[in-house]
Amino acid sequence: MRNRAAQSAEAGELLFGTMDSWLIWKLTGRHVTDVTNASRTMLMNLQTLQWDDSLLAAIGVPPPSAGNLLIV
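Residues numbered from 1 in each chain as written. Predicted model: local features only at pLDDT ≥ 70, side-chain atom pairs only at ≥ 80, totals over all residues. Heavy atoms only, no water.

A. Spotlight on the environment of G29. Counting through the fold element by element, G29 comes out in the loop between α2 (19–28) and β1 (32–34). Along the sequence, G29 and L70 sit 41 residues apart, while their C-alpha atoms lie 15 Å from each other. (Helix = DSSP H or I, 4+ residues; strand = E, 2+ residues; numbered from the N terminus.)

B. Just unusual backbone geometry, in detail. Residues other than glycine seldom take positive phi values, yet M42 does so here, at roughly 65°. Among the structural elements, M42 can be located in the loop between α3 (35–39) and β2 (44–45). A relative accessible area of 67% means that M42 is categorised as exposed. Phi is positive for L49, which is not a glycine, with a value near 60°. (Buried < 20%, exposed > 50% of the residue type's maximum accessible area, 1.4 Å probe, protein only.)

C. Structural view of the packing of aromatic side chains. In this structure the tally under the stated criterion is 1 aromatic pair. For the ring pair F16 and W51, a centre distance of 6.1 Å and an interplane angle of 70° mean the geometry is edge-to-face. Of this pair, F16 sits in the loop between α1 (4–10) and α2 while W51 sits in strand β3 (residues 50–51), and the two are 35 residues apart along the sequence. (Phe/Tyr/Trp six-rings, centres within 6.5 Å; stacked < 30°, edge-to-face > 60°.)

Structure, rendered in structure tokens:
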């Protein structure tokens, strides 16, 4: 049986992010982070400025749970 966190992430009930994404979520209800913070997670492709699906898959993070990236 799969663990509860994995099931919640795939259902869109569990989100992955940085401290700034949590703050933006609390203030606006949007799940976003900027590319400068996202790059520090080492899960972002530096050439495309998007989450790297293969890296997210390697650690079991469904892409929608990572949120949208903003170029500020």
